[in-house]
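Fold and geometry: a report
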Amino acid sequence: ISYEPYNFKGRLSDFPLTVAYGRKIDALRRRYHDYLWDAPFRDTLGAEVSANGQMQYSVFRRSDGKRAVVVISLERHRPIIARVSLPGPVGTEVAVSPEKPAPAATDGTLQIPARSAAVLLER
């Protein structure tokens, strides 16, 4: 992770928050490494995501077919609600995030704070 905010145009006062969030992201990636590190990146193949704000998403698919869908909010000042749809689901769906890393049951709906991320996992 590059901890320099705003592509080398950051303010020194932003740095502690940037590093703290980066550590949360790293912890989430380590905890769910079989989904987010070891599984092949599939771009947006294997999921459809809609939201009430700006977002981007990526899909990772393990060898057993179970997917992780990482959704990031590009909104600067407001949370978004994203709806993840998985064609041909392989397992039950849970949500995790840097702020709430413990799995919580979900129907595919993710509440994502501004400039943050959430992950839907098939278990």
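Residues numbered from 1 in each chain as written. Predicted model: local features only at pLDDT ≥ 70, side-chain atom pairs only at ≥ 80, totals over all residues. Heavy atoms only, no water.

What follows is about the packing of aromatic side chains. The final tally for this structure, using the stated rule, is one aromatic pair. For the cation-ring pair, R62 lies above Y35, with the distance from its terminal atom to the ring centre recorded as 4.3 Å. (Phe/Tyr/Trp six-rings, centres within 6.5 Å; stacked < 30°, edge-to-face > 60°. Lys NZ or Arg CZ within 6 Å of the ring centre and 35° of its normal.)

Tracing the backbone through its elements, the reader meets E122 in strand β8 (residues 117–122). Beyond its immediate chain neighbours, meaning those up to four positions away, E122 contacts Y35, G65, K66, R67, L86, P89, V90, G91 and T92. (Helix = DSSP H or I, 4+ residues; strand = E, 2+ residues; numbered from the N terminus. Contact = heavy atoms within 4.5 Å.)

As a further point, take the sheet that holds β8. One open sheet holds the five strands; their spatial order is β2-β3-β8-β5-β6, and the pairing between them is antiparallel. Across the chains shown, the open sheet's two edge strands, defined by having one partner strand only, are β2 (55–61) and β6 (104–105). Summarising the sheet, strand β5 (residues 93–96) and β8 pair through four bridges and their orientation is antiparallel. Note that in β8 the partner of V94 across the bridge is L121. (Pairing = 2+ DSSP bridges.)

As a volume, the second largest pocket reaches approximately 270 Å³. Every residue along the wall of the second largest pocket is listed here: A95, V96, S97, E99, K100, A102, A104, T109, L110, Q111, P113 and A118. Of all elements in the fold, only β5 and β7 (109–112) reach the threshold of two or more residues within the lining of the second largest pocket. A total of three residues in the lining of the second largest pocket trace back to one element, the largest contributor, which is β7. (1 Å grid on protein atoms, 1.4 Å probe; cavity = no way out; pocket = protein on both sides within 12 Å on 5 of 7 lines; lining within 4 Å. Points joined across faces, edges and corners; volume = space filled by probe spheres on them.)

The next thing to look at is the environment of E48. Here E48 shows up in strand β1 (residues 48–51). On the basis of relative accessibility, which here comes to 56%, the residue E48 falls in the exposed class. For the pair E48 and S85, spaced 37 residues apart in the sequence, the C-alpha separation amounts to 5.1 Å. Not counting chain neighbours up to four residues away, the residues in contact with E48 comprise Y57, R83, V84 and S85. (Buried < 20%, exposed > 50% of the residue type's maximum accessible area, 1.4 Å probe, protein only.)

The subject of this paragraph is the nonpolar core. Inside soluble globular proteins, nonpolar side chains tend to come together where they are buried. Membership of the largest hydrophobic core comes to 15 residues, with the highest contact counts inside it found for V49, Y57, V69, V71, V84, L110 and I112. Secondary structure elements with two or more residues in this core: β2, β3 (67–73), β4 (80–85), β7 and β8. In terms of residue count, the dominant contributor to this core is β4 (three residues). The residues contacting V49, other than those within four sequence positions of it, are M55, Y57, V69, V71, A82, R83 and V84. (Core = buried A, V, L, I, M, F, W, Y, C linked by side-chain atoms within 4.5 Å.)

Before going further, it helps to examine the pairing of β2. Looking at chain direction, β2 and β3 are connected through seven bridges and run antiparallel. When the sheet's bridge partners are listed, S58 is paired in β3 with V70. The turn joining β2 and β3, which pair antiparallel and follow one another in sequence, is formed by five residues; a positive phi near 90 degrees is taken by G65.

Okay, the side chain of E93 next. With respect to the element layout, E93 can be found in strand β5. R83 is the oppositely charged side chain nearest to the buried, salt-bridge-free E93, at an N-O distance of 5.1 Å. Among the polar contacts made by the side chain of E93, one reaches the main-chain amide nitrogen of G108 at a distance of 3.4 Å. Apart from residues lying up to four places away in sequence, E93 is in contact with L86, A104, A105, T106, D107, G108, L120 and L121. (Lys, Arg positive; Asp, Glu negative; His and termini not counted. Salt bridge = Lys/Arg side-chain N within 4 Å of Asp/Glu carboxyl O. Polar contact = N/O pair within 3.5 Å; in protein donor to acceptor, adjacent residues only side chain to side chain.)

Interpretation note: all reported values are geometric properties and have no functional meaning in isolation.
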